[in-house]
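Inside the fold
One letter stands for each residue in the lines below.
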Amino acid sequence: MAPPIALPETFARAVAGLRSVTPREEIVLEEVGAPQRLAPFAFALSATVLRDQDEVADGRLILLHDPAGHDAWQGTLRLVTYVTAELEVDLAADPLLPGVGWTWLTDALEAYEARYRAAGGTVTQTVSTRFGELAGPPAAGDVEIRASWTPLGDDLAAHLSAWCALLASTAGLPPPGVTALSERRPAGAA
């Protein structure tokens, strides 16, 4: 049996920071297997966003670490994400959606003071209509955000909090502590 491999201190601190965050109750995080060929060290989380017990968005966040550094990353750590959510067709068809989707990420990173550099990614919007044997529900839309960035420092708690805010925005959740009008109960209701 091979002895356990000692993790680099930078990577161990980064993982500890990710594990230290408790997301809002609508977001369920789970540690999952990370891709092994992208960097010498990797860690991954998956997320499911629930609204009224329905899954409305999901995502994956992968932490990559190469102690030798990577020119394109401009550092030794890299965060990579994939987030997707179903949308109403009129929202999914909005030509402003890609720009708004990108600002969900950058605004969240800034709001949580998650310092970063070398951010890049794509925002994809789709509208699907079913035909033939698949005919049924009306047209459906979705948004997909793929992005990566290099965190400055190895305490990644703020980055995970920002990622959870991105998930919430993509899923259309109201800010924490705010109740959507459709969720308000009539006066006198139990």
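Residues numbered from 1 in each chain as written. Predicted model: local features only at pLDDT ≥ 70, side-chain atom pairs only at ≥ 80, totals over all residues. Heavy atoms only, no water.

1. A few points about the confidence of the model for the protein chain
Note: predicted coordinates in regions of low pLDDT should not be interpreted at a detailed level. Filter applied, for reference: Values of pLDDT, which run from 0 to 100, indicate the predictor's confidence residue by residue. Here a strand is any run of E in DSSP of at least two residues, a helix any run of H or I of at least four, and the numbering for each starts at the N terminus.
Scored by pLDDT, the protein chain has a mean of 89; 90% of the residues are at 70 or more. For the protein chain, per-element mean pLDDT is lowest for helix α2 (residues 89-92), which scores 82, and highest for strand β1 (residues 27-32), which scores 97.

2. Section: the pattern of salt bridges
Using the following cut-off: Here, a salt bridge means any Lys or Arg side-chain nitrogen found within 4 Å of an Asp or Glu carboxyl oxygen. Only protein chains enter the accessibility calculation, which uses a 1.4 Å probe; a residue whose area is less than 20% of its type maximum is buried, one above 50% is exposed, and one in between is partly exposed.
Evaluation of the coordinates by the stated rule reveals five salt bridges. The shortest N-O distance in the salt bridge between E26 and R24 comes to 2.8 Å. The closest approach of N and O atoms between R146 and E144, which form a salt bridge, is 3.0 Å. By relative accessible area, E144 is classed as buried at 18%. One connected set of salt bridges, linked through shared partners, spans E9, R13 and D154.

3. Quick notes on the sheet that holds strand β2 (residues 41-51)
The following threshold applies: Here, a strand pair is defined by DSSP locating no fewer than two bridges between the strands. To obtain an axis, a line is fitted to C-alpha atoms, over the contacting stretch when the element is a helix, and the angle between two such axes runs from 0 to 180 degrees between their N-to-C directions.
Judged by pairing direction, the sheet is antiparallel, and its six strands sit side by side in the order β1-β2-β3-β4-β6-β5 without closing on themselves. Looking at the sheet topology across the chains shown, the edges are occupied by β1 and β5 (116-128). Between one strand and the next, the sheet's axes are offset by a mean angle of 15°, whatever the strand orientation. Two elements, β5 and strand β6 (residues 140-151), share eleven bridges in a ladder whose sense is antiparallel.

4. Some points on the environment of P23
Cut-off, in case you're wondering: The contact criterion used throughout is that any non-hydrogen atoms of two residues lie within 4.5 Å.
Relative to the elements of secondary structure, P23 occurs in the loop between α1 (9-19) and β1. Linking P23 and A47, residues 24 residues apart in sequence, is a C-alpha distance of 10.0 Å. If near-sequence neighbours (up to four positions away) are discounted, P23 is found in contact with L29 and C164.

5. Some words on the layout of surface pockets
Selection rule: Residues are said to line a cavity or pocket when one of their atoms sits within 4 Å of a point; the points come from a 1 Å grid over protein atoms alone, cavities being sets where a 1.4 Å probe fits but cannot get out and pockets being open sets with protein on both sides within 12 Å along at least five of seven lines. Grid points are joined across faces, edges and corners, and a volume is the space filled by probe spheres set on the points. We call Asp, Glu, Lys and Arg charged. Ala, Val, Leu, Ile, Met, Phe, Trp, Tyr, Cys and Pro are nonpolar, and the rest, Gly among them, are polar.
Its volume calculated, the largest pocket comes out at about 340 Å³. In terms of lining residues, the largest pocket is bounded by 16 residues, among which E86, L87, E88, L91 and T170 are the most central. Among the elements of the structure, β3 (54-70), β4 (75-87), α3 (97-111) and α4 (157-171) are those that each provide at least two residues to the lining of the largest pocket. Each residue belonging to the lining of the largest pocket can be placed in one class, and the counts come to eight nonpolar, three polar and five charged.

6. Things to note about the nonpolar core
Our working rule: In this description, a nonpolar core means a group of buried Ala, Val, Leu, Ile, Met, Phe, Trp, Tyr and Cys residues linked to one another through side-chain atoms lying within 4.5 Å.
Ranked by internal contacts, the top residues of the largest apolar core, which has 41 residues, are L18, V49, L63, L160 and W163. Per element, the largest residue contribution to this core is eight residues, and it comes from α4. Once residues within four sequence positions are removed from consideration, L63 is found in contact with F11, A14, V15, L18, F41, A42, F43, L77, R78, L79 and L156. The next biggest cluster of nonpolar side chains, apart from the first, holds six residues, and it includes A39, A44, I62 and W73.

7. Examining the side chain of S46
Along the chain, the position of S46 falls in strand β2. Among residues more than four places away in sequence, those in contact with S46 are V28, L29, E30, V32, G59 and R60.

8. Things to note about unusual backbone geometry
Within the chain, E113 stands out as a residue other than glycine whose phi angle is a positive 55°. Of note, E113 is situated in the loop between α3 and β5. With a phi close to 55°, A118 is a non-glycine residue in the positive phi region. You can see A118 is positioned in strand β5. You can call A118 partly exposed: its relative accessible area is 25%.

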